There are 2 protein chains.
Amino acid sequence: MTEKDAVLAANLEFYRAFASRDFPAMNALWSRAAPVLCIHPGWPALNGREAVMQSWRNILTNPEPTRVMCYDDQAFLYGEFAVVVCEEELAEGHLVATNMFVLEGGKWRMVHHQASPLVARRQTARPQRRNR
Amino acid sequence: MTEKDAVLAANLEFYRAFASRDFPAMNALWSRAAPVLCIHPGWPALNGREAVMQSWRNILTNPEPTRVMCYDDQAFLYGEFAVVVCEEELAEGHLVATNMFVLEGGKWRMVHHQASPLVARRQTARPQRRNR
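Reading the values: the criteria
- Counting starts from 1 at the beginning of each chain's written sequence and moves along it residue by residue.
- Starting at A for chains and at 1 for ligands, labels are handed out in the order in which the entities are written.
- Per-residue local features of the predicted model are confined to residues with pLDDT of at least 70, and side-chain atom pairs are confined, for both listing and counting, to 80 or more; whole-chain, interface and lining totals are unaffected and use all residues.
- Here the side-chain values reflect all heavy atoms present in the structure, with hydrogen atoms and water set aside.
- A pair of strands counts as paired when DSSP detects no fewer than two bridges linking them.
- Numbered from the N terminus, helices here are DSSP runs of H or I no shorter than four residues, and strands are runs of E no shorter than two.
- We place the copies in one frame by least squares, fitting the C-alpha atoms of every residue whose pLDDT is at least 70 in both.
- Between two residues, a contact is recorded if the distance between any of their heavy atoms is within 4.5 Å.
- Any residue under 20% of the maximum accessible area for its type is buried, any over 50% is exposed, and the rest in between are partly exposed; the area is computed with a 1.4 Å probe on protein chains only.
- The definition of a polar contact used here is a pair of N or O atoms within 3.5 Å, where within protein one atom must be able to donate a hydrogen and the other to accept one, and adjacent residues in sequence count solely through side-chain atom pairs.

K.L.:
Would you mind going over the pairing of strand S5 (residues 93-104) of chain A with me for this structure?
P.N.:
Along a regular strand, successive side chains alternate from one face of the sheet to the other. Residues and elements named next belong to chain A. Summarising the sheet, strand S4 (residues 81-90) and S5 pair through 10 bridges and their orientation is antiparallel. Paired with Val83 across the bridge in S5 is Met100. Once S4 ends, the chain turns through two residues before running back antiparallel as S5. Of the strand pairs in this sheet, S5 and strand S6 (residues 107-117) are connected by 10 bridges, and their pairing is antiparallel. Bridged to Asn99 within S6 is His113. Between S5 and S6, which pair antiparallel in sequence order, lie two residues; one of them, Gly105, sits at a positive phi of approximately 60 degrees.

K.L.:
Can you help me understand the relation of the copies chain B and chain A in this one?
P.N.:
To go from the first copy of the chain to the second, apply a rotation about an axis and then a shift along the same axis. Aligned on chain A, chain B shows an RMSD of 0.0 Å; the corresponding rotation is 180 degrees and the shift along the axis is 0.0 Å. What we have between these two chains is a two-fold relation. Within chain B, B:Ser116 has its C-alpha nearest the rotation axis, a separation of 2.8 Å. Looking at chain B, 100% of its interface residues are interface residues in chain A too, so the copies touch through the same face.

K.L.:
What is the right way to read the environment of A:Ser31 from this model?
P.N.:
Residue and element names in this part refer to chain A. Its place among the elements puts Ser31 in the loop between helix H2 (23-29) and strand S1 (37-38). With relative accessibility at 0%, the residue Ser31 sits in the buried group. Through-space distance from the C-alpha of Ser31 to that of Leu103 is 9.1 Å; in sequence the pair is 72 residues apart. For Ser31, the contacting residues outside a window of four places in its chain are Val36, Arg49, Val102, Glu104, Arg109, Met110 and Val111. A polar atom in the side chain of Ser31 sits 2.9 Å from the backbone nitrogen of Ala34. At a separation of 2.5 Å, a polar atom in the side chain of Ser31 contacts the side chain of Glu104.

Next up, the structure:
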């Protein structure tokens, strides 16, 4: 497995935890050593692990589950930092997301997520779907 | 000047170039060695320096200039990678942005920008304005 594959696997684990409302897995995925941020669609930036994980706890314990699929995921490496850009398909529409990771104890841990509405669509064939 | 100050200065240079439609400065600010990405509001991700700089050339040569101010800018360091989250005030409304930088030849160069609409506002006092 290349380092890019490892980053993409961490990214898919994020969407698996998100779609299956697995808060322990989501909590384990986010860094404990590096600064942690998150920008949910329409929200101001959340800063710090406590605020970010509380937001995920609220989202994942919502009685109305979020159907989310990730596709067109691409990873970019910057030494021990990595960025994934991807698109998300939800019941409400399509989003475009940036997910950021740091290499921590040999594992890629999440440090930032920003998702925002996608208005223009790419002129491409049907996207490759990932994660359900 | 601390490293965080240097990152915030690079971030302000981005908004200065943006607001003053200074394409050469914008072009100089973005990395030439690292992978470059950009997600404009509502757009899919642009990947690669050529596509990203072409988008900025189009935006900055638009006859209708963009009035943009950056505020609440906060920098986070991850070794030779840095993330700034900030809010943007434009004529059309408020956005929340993530700007990413790598240390390249002793200078912080931009590698990613994602801006998206801000719906919820923070419960804070009037934000500190930066850059006009």
